[in-house]
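Summary of structural features
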Amino acid sequence: LENIQTFQYTGEKISIAFDPQFVIDAIRAVKSPDVRLCFQSAERPFVVQNPRDDSVFQLITPKRLIF
């Protein structure tokens, strides 16, 4: 169970599909009580980052949706 205590969002609204287990593992790997998720678009990978250490980050690739 993961708990989000505070949340701040800036930018345009996007819809993205990804493997939630990858994100959970990435958040745990940055070893910080606070994390930053950095998105550019729904089609591009996003970064899970330790806000106190820019050298610690994980790259998550979104799932490709085929219609």
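Please refer to the structure higher up on the page.
All values reported here derive from a predicted model rather than from experimental measurement.

Remarks on the overall build of the protein
Per the secondary structure count, the protein includes 1 helix and 3 strands. When the helices and strands of the protein are read in sequence order from the N terminus, they spell out α-β-β-β. In the protein, which comprises 67 residues, the proportion classed as buried is 16%. Considering only intrachain contacts with a sequence separation of at least 6, the fraction spanning at least 24 residues in the protein is 32%. Working note: accessible area of the protein is about 5,800 Å², and carbon and sulfur atoms make up 53% of it.

Focus on the sheet that holds strand S3 (residues 53-60)
The 3 strands lie next to each other as S1-S2-S3, forming an open sheet whose pairing is antiparallel. The open sheet has two edge strands, strand S1 (36-38) and S3, and neither has a second partner. Ignoring strand direction, the axes of neighbouring strands in this sheet form an average angle of 30 degrees. Where strand S2 (residues 46-50) meets S3, 5 bridges bridge the pair, whose relative direction is antiparallel. Bridged to Val-47 within S3 is Leu-59. This element, helix H1 (residues 20-29), spans S2 and S3 of the sheet and lies at about 165 degrees to S3.

Quick word on the packing of aromatic side chains
Throughout the structure, instances matching the rule amount to 2 aromatic pairs. Residues Phe-18 and Phe-46 carry aromatic rings whose centres are separated by 5.4 Å and whose planes lie at 65 degrees to one another, so their mutual orientation is edge-to-face. Taken together, the positions of Phe-18 in the segment before H1 and Phe-46 in strand S2 put the pair 28 residues apart, joining distant regions of the chain. On the basis of relative accessible area, Phe-18 is assigned to the partly exposed category, the value being 28%. Site record: aromatic cluster; members linked through ring pairs are Phe-18, Phe-39 and Phe-46.

Structural notes on the pattern of salt bridges
Applying the stated criterion across every chain, the model contains 1 salt bridge. With a closest N to O distance of 2.8 Å, Arg-52 and Asp-34 form a salt bridge. Of this pair, Arg-52 sits in the loop between S2 and S3 while Asp-34 sits in the loop between H1 and S1, and the two are 18 residues apart along the sequence.

What counts, and where the lines are drawn
- Residues numbered from 1 in each chain as written.
- Predicted model: local features only at pLDDT ≥ 70, side-chain atom pairs only at ≥ 80, totals over all residues.
- Heavy atoms only, no water.
- Helix = DSSP H or I, 4+ residues; strand = E, 2+ residues; numbered from the N terminus.
- Buried < 20%, exposed > 50% of the residue type's maximum accessible area, 1.4 Å probe, protein only.
- Contact = heavy atoms within 4.5 Å.
- Areas by Shrake-Rupley, 256 points an atom, 1.4 Å probe, with all protein chains shown as cover.
- Pairing = 2+ DSSP bridges.
- Axes fitted to C-alpha atoms, helices over the stretch in contact; angles between N-to-C directions.
- Phe/Tyr/Trp six-rings, centres within 6.5 Å; stacked < 30°, edge-to-face > 60°.
- Salt bridge = Lys/Arg side-chain N within 4 Å of Asp/Glu carboxyl O.

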